Each structure stands twice: as structure tokens, then as C-alpha cells.
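Here are the chains, one letter per residue:
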Amino acid sequence: MPEPRDWDSEWLTLSATALDAVSRAETLEALEAARVDFLGRERGRLTGLLRSLKDMSIEERRRLGPQANALKDALEKSLEARRRSLESAALESGLAASRVDLSLPPPPWPRGRRHPVAETLREMTGILARLGFAPAEGPLVESDRNNFAGLNIPADHPARDLQDTFYLKDLPLLLRTHTSPVQVRYMEAHKAPLRIMSPGRVFRHEAVDASHSAVFHQVEGLYVDRKVSMADLKGTLSTFMRGLFGPQAAIRFRPSFFPFVEPGAEVDVRCLLCAGKGCPACKRTGWMEMLGAGLVHPNVLRFCGIDPGQWSGYAFGVGVERIALLRYGVPDIRMLYENDLRVLESLAP
Ligand code: DAH
């Protein structure tokens, strides 16, 4: 004979814990576990109690039956309500986690831009174009004739030295050492008057240091017309330099020698750092050497088929990197060519 069960005390624990278990469930899984614990078909504790009603005395059944059924109803309702609230909480937190925050700054979006040398070259040719200079180009591989002979540079001139010039193997050709050969090419192919600018790459067999590179850029200018004078040259270069460095940029001519001009001059710009007072950047002279220029030598005009009795001209040649270093405040030409993006990105014109 099994021991008689104490229905009243079983009922007491059950009714006390069932609703509480539902409200304590923090997740849908916990809620389902609570449902199975009380209402599961096989082992649910409330299911078990309801099933046992038939084993009770009539009196017990009358007392507990309606209460157990009421608890079952209440439990089902509360399971359903709790399930809905847990589901909507899960939905809310999912939404909160994945919501796009439009106030956040966008991820970095690197923008490309022109290299400082390209930008400087572009500004230089822009200024010259507004002064009436038409673009002209020549090849990087040149003949001795165009690079030297036509420019009145004699065979024994030191500029031809192997030290300075890259010669091509087995060919009578070289890498142009300056943009001046474009003068020769253009004057031979066109009649005076003419006014051209020729930007491009040049090559020198030189040791690389803070201010020298074996490959660099120049812009050549050439103007041939009737009665072109040093005054024309000075006016043009003054406007050119003011365009590059600002309205306060002043220039001066210093007599100098280049075989392809006579007279020849080196052109200085008043020191951009100390405004002429004298500082380390200008070696305390107040001036910075900027370019070479002069009146086209009669031998050059004649070589190119232009009569020096009728025509005269001026020419100038300016290094692009030197201008770029000054404009961008870069102390070393190598910084322009190592392509370290951290350096290039830090350069503001
Ligand atoms: N060709 C010269 C050089 O590289 C620069 C130069 C000087 C060009 C005087 C000229 C000039 O047209 O007149 O270094």
C-alpha cells in the first residue's frame, strides 16, 4: 500500500511556485523550461496534480479541482504574456544593437591629390600660359647636337663631361641634361616670332643629396621677336616669380655665363623667409638663387635658321623642384621622391 499523499501540501508548494517561476524567467528558454516543469504532458507538476484528481477523495477533489484548473488557466495566461514580453524585448535589443548611427563621423576616406612637384609644375605653366607662352615638348633622349652643339656648347665644354651626362650605350644619344634643347627643336621647326614654354624631366649624373637629384624637372621659356630686350625678360620673370611666391616677390639679375645666352644672368628672388634681412636660408645675402636666363646667343639663332640681324630673343630655364621645396617648405629634395605618404600628405602648398 503506498503512503497516502498529502494533496494539500503538494498543492500549496505548487501554487506558490508556479506563477513565480514564470515571472522570473528572463529568457524564452527559461520560460519554456518553466512551462515544461509545470504544464509538460509527461512530467508537468500541475499536469500531474490534475491527473491525480481521480485518486483523491470526493471531498479533496471538490476542494482542489476548481483551484487547480483555475491555476492552470492563470498559468497559461501568464506564460503567454511573459512570452510576448520576452519576444518584444529580444526584438528591441536586436534593433538597438544593429541600428545605424547617422551622427557618427564617416570612416576615413583618403583622397588622392597631385604630387607637390606636379602641382608646382602645373602652376608654373599656368602662369606662363597667361603670359602668352605656348606649350612645347621634346624627347628625354636627345642628340648631342640638340642638347649641346646647337646651344653653342663647344665640344670641350665641361658640361659634356661624363660626370654630368648620361650617355646611351652604343648610341650617339644621351639623356637630356636640361630642357634647352627644346629651344633648338622649336626654332628649327617654326618661324619667328615665337613664344614657348617647355616643361619636362631632365637628367644629371650627380650624387644625390638634400638639394640634388639625378632626375628632376625644369621649365624652359623662349621668346623670339623683333627687338626683344633684357627689360622684356625682367618684366616677364618678375611677373612669373610674383605669380609663384606672391606680390612681394622681388627679383634681381646677376651677370652670369651660359653658352647659349649673351648677356647671361642668374636671377635671384628676395629671400622668402627673411624678406631680404639675411638668414641661414639665403646664406645671409637676402637673396635666393632661382634660375638662369639671358638673351639668346646669335650663334644659337643662326644655328636654328633665324637671322640674328632681324630677330632677338630671351630664354630662361628654371628648376621645378627648387621652387616646390620653397613653396612647400620642404628641407630635402629626397622627401619629394621617396613617396612616403605620411610626408606627401603633410605637405600643404
Ligand atoms: N639650361 C640651363 C641649365 O640647366 C638653365 C638655363 C640658363 C636655361 C640660362 C636658359 C638660360 O634658357 O637662358 O641649367
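This text follows the structure it describes.
Everything numeric here is computed off the predicted structure, so don't read it as measured data.

1. Let's talk about unusual backbone geometry
Turning to step 1, where the next piece is worked out: The step from Ala192 to Pro193 runs through a cis peptide bond, and the omega angle for that step is 0 degrees.
Turning to step 2, where the next piece is worked out: A cis amide bond links Glu262 to the next residue, Pro263, at an omega of -5 degrees.
Turning to step 3, where the next piece is worked out: Here Pro263 lies in strand 7 (residues 261–270).
Turning to step 4, where the next piece is worked out: Backbone geometry at Ala275 places phi at a positive 55 degrees, although glycine is not the residue there.
Turning to step 5, where the next piece is worked out: Tracing the sequence through the fold places Ala275 in the loop between strand 7 and strand 8 (287–296).
Turning to step 6, where the next piece is worked out: The phi torsion at Arg284 lies on the positive side, around 65 degrees, for a residue other than glycine.

2. Re the site of the ligand
Turning to step 1, where the next piece is worked out: Of all residues adjacent to the ligand, which total 15 residues, the nearest are His178, Ser180, Arg204, Gln218 and Glu220.
Turning to step 2, where the next piece is worked out: One of the side-chain nitrogen or oxygen atoms of Gln183 is found 3.3 Å away from an oxygen atom of the ligand.
Turning to step 3, where the next piece is worked out: In the model, an oxygen atom of the ligand is placed 3.2 Å from a nitrogen or oxygen of the Ala315 main chain.
Turning to step 4, where the next piece is worked out: Relative to its free-state accessible area of 350 Å², the ligand is covered by the protein chains to the extent of 90%.
Turning to step 5, where the next piece is worked out: At the level of secondary structure, the elements contributing two or more residues to the shell around the ligand comprise strand 5 (215–225), strand 8 and strand 9 (312–319).
Turning to step 6, where the next piece is worked out: Its residues assigned to classes, the shell around the ligand comprises 6 nonpolar, 7 polar and 2 charged.

3. Remarks on the layout of surface pockets
Turning to step 1, where the next piece is worked out: What the second largest pocket holds in volume is close to 240 Å³.
Turning to step 2, where the next piece is worked out: If you trace the second largest pocket, you find 13 residues lining it, with Arg113, Arg114, His115, Pro116 and Leu344 closest to the centre.
Turning to step 3, where the next piece is worked out: Grouping the amino acids of the lining of the second largest pocket by side-chain chemistry returns 6 nonpolar, 2 polar and 5 charged.

4. Things to note about the packing of aromatic side chains
Aromatic ring pairs are reported here in terms of the distance separating the ring centres and the angle at which the planes meet.
Turning to step 1, where the next piece is worked out: Applying the stated criterion across every chain, the model contains 5 aromatic pairs.
Turning to step 2, where the next piece is worked out: Sitting above the plane of the Phe133 ring, Arg195 keeps its charged end 5.9 Å from the centroid.
Turning to step 3, where the next piece is worked out: Looking at Arg226, its charged tip hangs above the ring of Trp311, at a distance of 4.0 Å from the centre.

Here is what the cut-offs are and how they apply
- Residues numbered from 1 in each chain as written.
- Predicted model: local features only at pLDDT ≥ 70, side-chain atom pairs only at ≥ 80, totals over all residues.
- Heavy atoms only, no water.
- Helix = DSSP H or I, 4+ residues; strand = E, 2+ residues; numbered from the N terminus.
- Near = heavy atom within 4 Å.
- Polar contact = N/O pair within 3.5 Å; in protein donor to acceptor, adjacent residues only side chain to side chain.
- Areas by Shrake-Rupley, 256 points an atom, 1.4 Å probe, with all protein chains shown as cover.
- Nonpolar A, V, L, I, M, F, W, Y, C, P; charged D, E, K, R; others polar.
- 1 Å grid on protein atoms, 1.4 Å probe; cavity = no way out; pocket = protein on both sides within 12 Å on 5 of 7 lines; lining within 4 Å.
- Points joined across faces, edges and corners; volume = space filled by probe spheres on them.
- Phe/Tyr/Trp six-rings, centres within 6.5 Å; stacked < 30°, edge-to-face > 60°.
- Lys NZ or Arg CZ within 6 Å of the ring centre and 35° of its normal.

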